[in-house]
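Examining the three-dimensional arrangement
Listed below, chain by chain, are the residues.
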Number of protein chains: 2
Amino acid sequence: MNGAESLVRTLVNGGVEVCFTNPGTSEMHFVAALDKVKGMRCILGLFEGVVSGAADGYARMTGKPASTLLHLGPGFNNAMANIHNAGKASSPMINIVGEHATYHIKHDAPLTADIEGMARPLSDWVKTSRDAMSIATDGAAAIAAASAPPGQIATLILPADTAWNDAEGPAEVPDIPERAKVSDSAVEAAASALRSGEPTLLLMTGQALYQDPLDLAGGIAAKTDAELMSQGSNARLQRGAGRVPVERIPYVVEQALSVLEKYKHIILIGAKIPVAFFAYPNTPSLLAPEGCEFHQLADISEDMVDALERLADLVGAKRSDAVRQESNRPDRPTGALNPDTIAAALGAALPEDAIVADESVTTGRGFYPLTAGAPPHCWLNNMGGSIGLGMPLATGAAVACPDRKVVCLEGDGSGMYTLQSLWTQAREGLDVTTVIFANRSYAILRGELAKVGAGNPGRTALDMLDLSRPDLDWLMLARGMGVDGCRVESADDLNKALDAGFAVKGPYLIEVML
Amino acid sequence: MNGAESLVRTLVNGGVEVCFTNPGTSEMHFVAALDKVKGMRCILGLFEGVVSGAADGYARMTGKPASTLLHLGPGFNNAMANIHNAGKASSPMINIVGEHATYHIKHDAPLTADIEGMARPLSDWVKTSRDAMSIATDGAAAIAAASAPPGQIATLILPADTAWNDAEGPAEVPDIPERAKVSDSAVEAAASALRSGEPTLLLMTGQALYQDPLDLAGGIAAKTDAELMSQGSNARLQRGAGRVPVERIPYVVEQALSVLEKYKHIILIGAKIPVAFFAYPNTPSLLAPEGCEFHQLADISEDMVDALERLADLVGAKRSDAVRQESNRPDRPTGALNPDTIAAALGAALPEDAIVADESVTTGRGFYPLTAGAPPHCWLNNMGGSIGLGMPLATGAAVACPDRKVVCLEGDGSGMYTLQSLWTQAREGLDVTTVIFANRSYAILRGELAKVGAGNPGRTALDMLDLSRPDLDWLMLARGMGVDGCRVESADDLNKALDAGFAVKGPYLIEVML
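Overview of the structure. (Residues numbered from 1 in each chain as written. Chains lettered and ligands numbered in written order. Predicted model: local features only at pLDDT ≥ 70, side-chain atom pairs only at ≥ 80, totals over all residues.)

Here we take up the interface of chain B and chain A. A common way to report how large an interface is uses the accessible area buried once the components associate. At the junction of the two partners, chain B supplies 82 residues and chain A supplies 82 residues. For the side of chain B that touches chain A, the element with the most residues is helix 4 (residues 72–88) of chain B, which contributes eight residues. A class-by-class count of the residues in the side of chain B that touches chain A yields 46 nonpolar, 25 polar and 11 charged. (Contact = placed C-beta atoms within 7 Å. Helix = DSSP H or I, 4+ residues; strand = E, 2+ residues; numbered from the N terminus. Nonpolar A, V, L, I, M, F, W, Y, C, P; charged D, E, K, R; others polar.)

Okay, structure coming up:
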């Protein structure tokens, strides 16, 4: 067998079952090997930002890495923004990047680039395979690196001759470390804060937001009069009726400061010390009040379930103490479309077990309250802030969970970054309803322009925030890629459109005119 | 004035008149400054690959840098593939990348990334401004760096507080070095090869392919029985009736070997020693025959006009000796669409002074002969091999040359990478006719799969090269972004469609069904 086949066999044996790709010449042996080895589903994206964002969505829903297959330095470049996002979400990912044959690199052909140099800032592990005999071992090491807690970005660079020369066979994946247990002193410090009688917050992200640890956290909060909150963005929050409800830190700095100002103690469970998304003149970077004490119970890579169990024991809390969200859907809204009526329409219609991939930016900031009592569902945010993740993330989540409805909430500006996702959804028959919020602007930037104190904007500045002239027509764009849909101009329309989208088993797009 | 305004004034004073952008919060002061300073045209792209590719097209047609304005690390990431292409084309470019305020970086907010680390592999010059007082000087240095021969990539990273804090005023651009003159010995070695009586090739790229140096090279070739050829890809070739005709080295290795095998001497004028685009098993990387002697008359940054003048003097050649292309349009083709009839339709209709942005990949390999005798025009190739350049390049060329028709020849697979370009063309009313070759596949990869010896491809492999299921509908995609067009299924249709597109003053798209 050749090197490519030894790598594909190593990946499949190591549990890597999906490859999102946009391959080129230097990856042809890898692609050919996919037909010789059973067990790897290969999914084409028409742009590499789709590929890496889909791998992120897949990883968030399965907890294990997909592979990406990318064409040399530029293919990696195009994937980088969503690799950035995946890294910030601690999603495991194995990027396989084709490279010129080892002996060809020195000739500086057009596609030659410093792939390692570009990969290092975004990767936890980078290696260029030296020859065909070492490629399986390198692949196994990449699986281990990607799977190490909390989930890492591994980038394996594959010169073409390492793929086509003879290899021995697949390699075994090294042992993957478990999540580390937190120290007793970390648990005791948290318990002591909870017993202080002073206002205390459990601030969570990562695995702490899955159902079972949330039950534990909810029990602790109920028992100690502490409160629960999540970061502003989270990789995957399990929420809805019957689950422990969690609000998130608001995006707007003033609102965040106001929400956090009462706390004397913040116990960090996977979360980091809360900071503003951006700096603004005369506004603090840190969102917690001065004098607030932070207690890190667990960092993002540690065993949060174990830590919460031990903390619950110390304070005498049980899962059953937790206050749970009642089942409570809002009435179907009528009238004009605005963030509240959209939230109500979503809350009224969201299917059980739905996966919400949320890149709704400005429109969606208030979606949580009216969807809180909907049937149990997952909510995925963009954690790296690089727009253009929503549709790829939905694509990957749908590949991971073919029996669940995926709902992609997408701004029109963000959606244009990686609209090619719709084609992959059509080809693979993925069950994604995409809701585009067509405010025809980078609406968030209108607020930001004011907040940074940039003065009264003139025509040039406003034009850079404006997506009109010409207006985008999302129905045309979707149909051009084989996805059907409809346009809605009222809340009643939206109710019907969501019903229609959720009834289809496959991709559907709703353009919400704002 | 604040730092942002001091930078914009520096840029405008330094001759930087266009900013292609997709800005975010950290760039808002720069955007706001654009309304305070006259002389900078600001053009929005809905994805950063459009932004950087357009800056490349602008630079190729004007010889001077545009600026790009990009939003932190991920905005730079999205621009990287076309920065790679621009770097390989020696296009001057000034990337201005917003960054968090200096004091905010340490808090590791979601968008925080190692921008310098990612920028270095693709940039000839990188600097992060330290404070508002130094930003104008840094901007002036960036202009000088970008403008240094042969044209370089300069990346200036702009923390938000350096933009909003007080600055003194604009800075003067340092002197920009002239292109270096080549040594006498380089000229003499070339002359000696030409006098050897052995088969000799003048292999050219860069400024050697502009009209006047081509006249000189043509005169030398005529006088010495040498031949002329260009690299396979070139930043800008001036060709057509009345100009000195130049063929290019074929992409396919066997063809290239065959074309070059007769030469004993290759004189390099801007060009590099010819190498295969990719390595293939049992195929050489180097395209020239063994024993062929290379003589570097001028590298890409040196003064090729002066070098050719001195060489012409030595061999007694004059511009007027050159053999020029006759005016000779093919007949309008009839019948089925194929690469030959498409080439004939183009050759029959190409407007005088057209700018051809060619990313036609497989379909366009034979377009040269039948367009050679069309009225004078420019031909721009992708020099870095990263697909997704054609439409952005056309966009930037149209901004640079509003009185010339731009013809973008684009594969459907490549076009999908940066289709957002069409929206910018519509907003700015750019005079671009885009011809999409809809073969509904990555057709080039079908050949490559065989050439790398990857065996008989199975269904999985073939699916990765196939753009059908669903078929893309380019008319819908274009109309979704405000660009009108038509679909053609015969050579007659194409003749009419080209007439229609060339008659419109503005963007138009022709989907050629293959």
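There's more to say after this.
Once that is clear, we can look at the packing of helix 9 (residues 211–224) of chain B against helix 11 (residues 304–315) of chain B. Residue and element names in this part refer to chain B. Two elements in contact, helix 9 and helix 11, have axes whose closest approach is 9 Å; the angle formed by their N-to-C orientations is 25°. As judged from the angle between their axes, helix 9 and helix 11 are roughly parallel. As helix 9 runs across helix 11, the sense of the crossing is left-handed. Within the contact between the two elements, helix 9 uses Asp212, Pro213, Leu216, Ala217, Gly219, Ile220, Lys223 and Thr224 and helix 11 uses Met304, Val305, Leu308, Glu309, Leu311, Ala312 and Val315. Split by residue class, the contact of helix 9 with helix 11 holds 10 nonpolar, two polar and three charged. (Axes fitted to C-alpha atoms, helices over the stretch in contact; angles between N-to-C directions. Parallel < 35°, antiparallel > 145°, perpendicular 65-115°, else oblique. Left-handed = near helix turned anticlockwise from the far one by under 90°.)

Time to look at the relation of the copies chain B and chain A. What relates the two chain copies is a rotation about an axis together with a slide along it. If you rotate chain B by 180° and push it 0.0 Å along the axis, it lands on chain A with an RMSD of 0.0 Å. In the structure described here, the two chain copies are related by an operation that fits a two-fold rotation axis. Taken together, the interface assignments show that 100% of the residues at the interface of chain B recur at the interface of chain A, consistent with an identical surface on both copies. (Least-squares fit on C-alpha atoms with pLDDT ≥ 70 in both.)

Attention now goes to helix 16 (residues 421–428) of chain A. Residues and elements named next belong to chain A. In terms of burial, helix 16 is largely enclosed, as eight of its eight residues are buried. Residues of helix 16 that are buried include every one of Ser421, Leu422, Trp423, Thr424, Gln425, Ala426, Arg427 and Glu428, and no others. Its buried side turned inward, helix 16 meets strand 2 (41–44), helix 3 (48–62), helix 14 (390–400), strand 16 (432–438), helix 19 (474–480) and strand 18 (508–513). (Buried ≥ 20, exposed ≤ 12 C-beta atoms within 10 Å, placed from the backbone.)

What follows covers unusual backbone geometry. With an omega of 0°, the peptide bond running from Pro149 of chain A to Pro150 of chain A counts as cis. Among the structural elements, Pro150 of chain A can be located in the loop between helix 6 (135–147) and strand 6 (153–159). Note the cis peptide between Arg469 of chain B and Pro470 of chain B, where omega equals -5°. Checked against the element boundaries, Pro470 of chain B lands in the loop between helix 18 (459–463) and helix 19 (474–480). We note that Asn282 of chain A has phi near 60°; this positive angle belongs to a residue other than glycine. On the basis of neighbour count, Asn282 of chain A is assigned to the exposed category, with 5 C-beta atoms found within 10 Å. Of note, Arg440 of chain A is a non-glycine position whose phi angle comes to about 55°, a positive value. By the element assignment, Arg440 of chain A lies in the loop between strand 16 and helix 17 (443–451).

Turning our eyes to something else, we now look at the sheet that holds strand 7 (residues 200–204) of chain A. Each strand in a sheet pairs with its neighbour through backbone hydrogen bonds, running either in the same direction (parallel) or in the opposite one (antiparallel). All names here are of chain A. Pairing is parallel across the open sheet formed by five strands, whose spatial order is 10-8-7-11-12. The outermost strands of the open sheet, each flanked by one partner alone, are strand 10 (247–248) and strand 12 (293–298). Taken strand by strand, helix 8 (residues 184–194) contacts strand 7, strand 11 (265–269) and strand 12, and its axis lies near 135° from that of strand 12. Sheet contacts for helix 11 (residues 304–315): strand 11 and strand 12; angle to strand 12, the most-contacted strand, approximately 115°. (Pairing = 2+ DSSP bridges.)

Before going further, it helps to spend a moment on helix 6 of chain A. The α-helix advances 3.6 residues per turn, and as a result positions three or four apart in sequence lie on the same side. All names here are of chain A. Here helix 6 contains 13 residues, and its C-alpha end-to-end distance of 18 Å stays within 8% of the 18 Å for a straight helix at 1.5 Å per residue. Within helix 6, 11 of the 13 residues are buried, leaving the element largely enclosed by the surrounding structure. Within the sequence span of helix 6, burial applies to Ile135, Ala136, Thr137, Asp138, Gly139, Ala140, Ala142, Ile143, Ala145, Ala146 and Ser147. Buried residues along helix 6 sit in contact with helix 1 (3–13), strand 4 (93–99), strand 5 (125–128), strand 6 and helix 7 (160–164). (Expected span 1.5 Å × (residues − 1).)

Geometry only, nothing functional implied.
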